[in-house]
Every structure is written in C-alpha cells, then in structure tokens.
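# Remarks on the overall topology
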Amino acid sequence: MDSRRRHHLLRLSGVAVAMFVAGFAMAPLYNALCELTGFNGKSAGLAIASEAPEQPDLTRSVNVEFVTTVNGGKPWRFVAETPRVSVHPGQYVTVWFEAQNTEDRAIVAQAVPSVTPWDGARHLKKTECFCFRRQPFAAGETRRLPVRFMLDPQLPASLDTVTLSYTIFDVTDQKS
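Residues numbered from 1 in each chain as written. Predicted model: local features only at pLDDT ≥ 70, side-chain atom pairs only at ≥ 80, totals over all residues. Heavy atoms only, no water.

### Let's talk about the sheet that holds strand β7 (residues 135–137)
Reading across the sheet, the five strands line up as β3-β1-β9-β5-β7 and stay open at both edges, with mixed pairing between neighbours. Each edge of the open sheet carries a strand with a single partner, namely β3 (84–87) and β7. Averaged over all pairs of adjacent strands, the angle between their axes in this sheet comes to 30 degrees, without regard to strand direction. (Pairing = 2+ DSSP bridges. Helix = DSSP H or I, 4+ residues; strand = E, 2+ residues; numbered from the N terminus. Axes fitted to C-alpha atoms, helices over the stretch in contact; angles between N-to-C directions.)

What follows is the structure, encoded as structure tokens:
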C-alpha cells in the first residue's frame, strides 16, 4: 500500500474513533448542560435544603399535572394519587404517589423527575421527594410516596400549567 493510501486510511480510522468516543461522551455532557441550565426540566435546583416562609400569591393559580412512567416495561404499578392540583405560587403543597412492586422478589427503585415547560423547572422548589433517594421495596410491597413543593412566585405569568413527570427505574443491580 502506498503512503498516500496509508495516510488516508489512518485519518479515516481516527475520525471513526473520534466519533465513537464522542457518542459515549454525549450523554454525560448533555446531562451536565441540563443540570447547569435547567434545560429539559432537569435541574439540581429542584431541591431546596429548607423551607422558605409561605407567601402565596392568592391572585393567581397554576395547574400542576403529574405524569408517571415505569421504565423498561416492568410490571410495577406507579401512579399519582391526584393527577392534577391547582396551586397558588408561593404556597407549599404535598401530593402523594403510590408505587407497588408487583414482582415476587425485592427490588430497589429510583425515580427521576422532569419538569415541563423547561422554563418552569427553575421555579419548582421541592422540600421533600421520594426521588431524592433510592426506594427499596419488598416483594409485593405497596407504598405511598410524598412530594412537597412550592412554585416560586417569580414563575412567569405566561405559565398557567406545569407538568411534573417521574420515571421510575429498576436500580436493584446498581451500586449506590
């Protein structure tokens, strides 16, 4: 093989390797970008360490909808007890979800939240959420899981509905 072809083959191989590496790097980079900006409803700012005093804006109501999904086609049951609530920004609200492990073995589940529209995510302040930690379930166990939150009064006036979604994953085989 002449040197031009060998050089061309090496460059093409380098491009293929770079694309392969970039494919693996995309998910962590995307998650880091979402955490930093709150884009796609993912934000480390969803949780707050302590409760701020309640100062509800009684002139305004916002609908908060709850959506639940079980990842991976598991036969578990996971539902919001109330699919929608109307809240005043600045008012704390506690809602409940119910999860059931319908399998005949113990599992560990982890819920991942997402908020839409994305610009509403930074205005959702949670003080308690089952998504903050892994949830061990015995075989057949059913449990009520709380979420306590407030919509910041600075939520844009154009937002009259915020959707809080949870996807629950089986993390039994993953290390803490």
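### Looking at the state of the cysteines
Two cysteines, two sulfur atoms, one covalent bond between them: this is a disulfide. Applying the stated rule across the entire model yields one disulfide. Sulfur-sulfur distance for the disulfide between Cys 129 and Cys 131 comes to 2.4 Å. Here Cys 129 and Cys 131 share a disulfide; its torsion about the S-S bond, 130 degrees, makes the bridge right-handed. Take Cys 129 and Cys 131: they sit in the same class, and that class is buried. (Disulfide = S-S within 2.5 Å. Buried < 20%, exposed > 50% of the residue type's maximum accessible area, 1.4 Å probe, protein only.)

### Remarks on the pattern of salt bridges
Taken as a whole, this structure holds seven salt bridges when the rule is applied. In this structure, the salt-bridge partner of Glu 98 is Arg 77, at a minimum N-O distance of 1.9 Å. Of this pair, Glu 98 sits in strand β4 (residues 92–100) while Arg 77 is found in strand β2 (residues 77–80), placing the two residues 21 residues apart along the sequence. A salt bridge links Arg 143 to Glu 141, with the shortest nitrogen-to-oxygen separation between them at 3.2 Å. (Salt bridge = Lys/Arg side-chain N within 4 Å of Asp/Glu carboxyl O.)

### What about the side chain of His 123?
Tracing the sequence through the fold places His 123 in the loop between β5 (107–116) and β6 (124–129). At 3.5 Å, the side chain of His 123 forms a polar contact with the side chain of Arg 122. Excluding anything up to four places from it in sequence, His 123 contacts Met 150, Leu 151, Asp 152, Gln 154, Leu 155 and Pro 156. (Polar contact = N/O pair within 3.5 Å; in protein donor to acceptor, adjacent residues only side chain to side chain. Contact = heavy atoms within 4.5 Å.)

### Topic: the environment of Val 115
Topologically, Val 115 is positioned in strand β5. Taking the C-alpha atoms as reference points, Val 115 and Ser 165, 50 residues apart in sequence, are found 6.2 Å from one another.

### Section: the sheet that holds β2
Judged by pairing direction, the sheet is antiparallel, and its four strands sit side by side in the order β2-β4-β8-β6 without closing on themselves. The open sheet has two edge strands, β2 and β6, and neither has a second partner. Across the sheet, the mean angle from the axis of one strand to that of its neighbour is 25 degrees, orientation sign disregarded. For β2 and β4, the ladder comprises four bridges, and the chain directions are antiparallel. Within β4, the residue paired with Phe 78 across the bridge is Ala 99.

All quantities given are derived from atomic positions and should not be read as evidence of function.
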